[in-house]
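# Residue-level structural notes
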Amino acid sequence: MKTPKQLLKWGNSTLLIHAIETALNSHVKDVIVVLGANFELIKKDIEQLPITILNNKNWELGLGKSLAFGVDYLIKSKPDTEACLVTLADQPLIDATFINDLIDVYKENKQTIMATSYNDKKTGVPVIFDKTYFEELSLLNDDKGAKHILEKYKSEVKTLKPELENVDLDLKADYDKLYKEMF
């Protein structure tokens, strides 16, 4: 994309700041951002925000390793954490209301996985994992994220569908198209 995706413009800020502000405006207690590639550059853009910034130096191993790195931090530094919400910077249509809805349904169904339902009947992020899954999450080390955990514990997964179709901005063309539609 010729620049780190997280720093692409989104309205008056960037994709990453938008995602962080969405989380900060929800009912989550702490916002922890796991960065990897371009750590110093991206950190400068967000260090003024009330968040914890982690540097995953093994980011080349993929999304799963970044998730494992964040969960390992929770296990070691915040052992009383009951659950973790995983969101991505490249899903700008996710809003605080939807995150709060996920949290509310999770609270009714503790020890579950609360995932987002997509139009193609897949499930994914944003997702809330109860602490019973933390140890397994901390062992992830590939680019598939937590997909195999969602599959393995399918009977424990509850889903919610966002009001707007959840879009991942994986290609510059996807970003350009959505940005033009939104702004």
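Attention now goes to the nonpolar core. In terms of nonpolar packing, the biggest core is built from 20 residues, with Ile113, Val127, Phe129 and Leu137 touching the most fellow members. For this core, the secondary structure elements donating two or more residues are α3 (63-77), β5 (83-86), β6 (113-117), β7 (123-130), α5 (134-137) and α6 (147-152). For this core, the element with the highest residue contribution is α3, accounting for four residues. Apart from residues no more than four positions distant in its own chain, Leu137 is found in contact with Leu67, Ala68, Val71, Phe129, Ala146 and Ile149. In this structure, Ile17, Ile20, Ala23 and Ile51 belong to the second largest nonpolar core, which totals 15 residues.

If you trace the backbone, Asp90 turns up in the loop between β5 and α4 (96-108). Polar contacts involving the side chain of Asp90 include one to the side chain of Lys5, which spans 2.9 Å. For Asp90, the residues in contact, after removing those within four places along its chain, are Lys5, Val167, Asp168, Leu169 and Asp170.

Below, the discussion takes up the environment of Lys154. Among the secondary structure elements, Lys154 is positioned in the loop between α6 and β8 (157-160). You can call Lys154 exposed: its relative accessible area is 54%. Spatially, the C-alpha atoms of Lys154 and Ile103 are 19 Å apart, while their sequence positions differ by 51 residues.

On the surface, a cluster of negative charge is contributed by Asp95, Asp101, Asp104, Glu108 and Glu163. Summarising the element assignment, Asp95 is placed in the loop between β5 and α4.

What counts, and at which threshold
- Residues numbered from 1 in each chain as written.
- Predicted model: local features only at pLDDT ≥ 70, side-chain atom pairs only at ≥ 80, totals over all residues.
- Heavy atoms only, no water.
- Core = buried A, V, L, I, M, F, W, Y, C linked by side-chain atoms within 4.5 Å.
- Buried < 20%, exposed > 50% of the residue type's maximum accessible area, 1.4 Å probe, protein only.
- Helix = DSSP H or I, 4+ residues; strand = E, 2+ residues; numbered from the N terminus.
- Contact = heavy atoms within 4.5 Å.
- Polar contact = N/O pair within 3.5 Å; in protein donor to acceptor, adjacent residues only side chain to side chain.
- Patch = residues over 30% accessible without salt bridge, like charges linked within 9 Å, V, L, I, M, F, W, Y side chains within 5 Å.
- Areas by Shrake-Rupley, 256 points an atom, 1.4 Å probe, with all protein chains shown as cover.
- Salt bridge = Lys/Arg side-chain N within 4 Å of Asp/Glu carboxyl O.
- Lys, Arg positive; Asp, Glu negative; His and termini not counted.
- Charge placed at Lys NZ, Arg CZ, Asp CG, Glu CD.

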